[in-house]
Amino acid sequence: MSLPEPLRRQLGSFSRTVFTDSHRTGPQYPGDRADNEIVSSLPLQMSLYFNVYFFPFWWLSTVVMLHLKYPVLSDYYKFILVTIMILASLIEVIRLYLGYMGNLQEKVPELAGFWLLSLLLQLPIILFLLFNEGLKIQPLERAVHIVFALFLTFQVIAAFVTLKRMVNKLAIRFRLNEFDQLEEHPMPDFYSLGKEERAVSMAGRGPSAGWRSHTEGLRS
């Protein structure tokens, strides 16, 4: 299972625009090759691993608290909370999958999708559940929301750093491939190319043209 190709291209283009470091022009250490550099983030992977086990606990705690306080909530907040729970559950499954795929396999589009889902959707949802007092937040809810928000904040930062490293690695690999192609197929020298063109033009004019130019030089 992978992202659709049009979406992969859009996320790849977004990553090159946002995360490319224009000041870095080569590997960090001289003699290093981009292919030998591992850019997957161990802290990010550990965070995702613990997040996978924490999410069912967060979901169960939130659902139980929602069931207990549901009768005292207004219709407006009932609809909001049910909608948020459905959206947050779907987003979290997709987000964790993209995070695992993008970080372990060093896939930029998947990790960029993970970063965008975390920053633009999941983190605002959790902050809304944490700070909106109209939801009649219970102590257990506040505790699990705080932990979830910490997970998301750390993952957004770690994924941003990892994406910059991945995009820079791809840029360095592209430049090295260009250099290798130039070494295998060097471009012709400008001066030698000019000499060859003049020789071809003289050969095309033939000996009569050379004799005519010599005669004109004597007359002058």
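Everything below is about the structure shown above.
Only a predicted model underlies this, so the values are computations on that prediction, with no experimental measurement involved.

Q: Could you give me a rundown of the packing of aromatic side chains, with the residues and numbers involved?
A: The final tally for this structure, using the stated rule, is 10 aromatic pairs. Seen from their ring centres, F55 and F148 are 6.5 Å apart, and the 65° between their planes marks the pair as edge-to-face. Placement of the pair is F55 in helix α2 (residues 42-69) and F148 in helix α5 (residues 139-184), with a sequence separation of 93 residues. One exposure class covers both F55 and F148, and it is buried. Three or more aromatic residues joined by ring pairs form one cluster here, namely F54, F55, F57, W58, F148 and F151.

Q: Break down the packing of α2 against helix α3 (residues 75-104) for me, citing the residues and quoting the values.
A: Viewed as axis vectors pointing N to C, α2 and α3 meet at an angle of 170°, and their least axial separation amounts to 11 Å. It follows that α2 is roughly antiparallel to α3 by the angle criterion.

Q: An account of α2 is needed here, citing residue identities and associated values.
A: For α2, spanning 28 residues, the distance from its first C-alpha to its last is 40 Å, which sits close to the expected 40 Å at 1.5 Å a residue. Along its length, α2 reaches its greatest deviation from straightness, about 35°, at Y53, and the proline P56 lies no more than four positions downstream. Where α2 begins, one side-chain oxygen reaches toward the backbone nitrogen of L44, 3.2 Å away; that side chain belongs to S41.

Q: Help me get a handle on α3, residues and values and all.
A: The end-to-end C-alpha separation of α3 is 44 Å, in line with the 44 Å expected for 30 residues at 1.5 Å each. The first or second residue beyond α3 is E106, which carries a positive phi of 55°.

Q: Explain the side chain of N168 to me, using residue names and the numbers behind them.
A: Positionally, N168 belongs in helix α5. Among the polar contacts made by the side chain of N168, one reaches the main-chain carbonyl oxygen of K164 at a distance of 2.9 Å.

Q: Now, about the environment of P124: what can you tell me, with residues and values included?
A: Note that P124 resides in helix α4 (residues 108-131). Judged by relative accessible area, which is 38%, P124 ranks as partly exposed. In this structure, the C-alpha to C-alpha distance between P124 and A149, residues 25 residues apart in sequence, is 9.2 Å. Beyond its immediate chain neighbours, meaning those up to four positions away, P124 contacts S118 and L119.

Definitions and cut-offs
- Residues numbered from 1 in each chain as written.
- Predicted model: local features only at pLDDT ≥ 70, side-chain atom pairs only at ≥ 80, totals over all residues.
- Heavy atoms only, no water.
- Phe/Tyr/Trp six-rings, centres within 6.5 Å; stacked < 30°, edge-to-face > 60°.
- Helix = DSSP H or I, 4+ residues; strand = E, 2+ residues; numbered from the N terminus.
- Buried < 20%, exposed > 50% of the residue type's maximum accessible area, 1.4 Å probe, protein only.
- Axes fitted to C-alpha atoms, helices over the stretch in contact; angles between N-to-C directions.
- Parallel < 35°, antiparallel > 145°, perpendicular 65-115°, else oblique.
- Expected span 1.5 Å × (residues − 1).
- Bend = angle between axes of the 7 residues up to and from the residue.
- Polar contact = N/O pair within 3.5 Å; in protein donor to acceptor, adjacent residues only side chain to side chain.
- Contact = heavy atoms within 4.5 Å.

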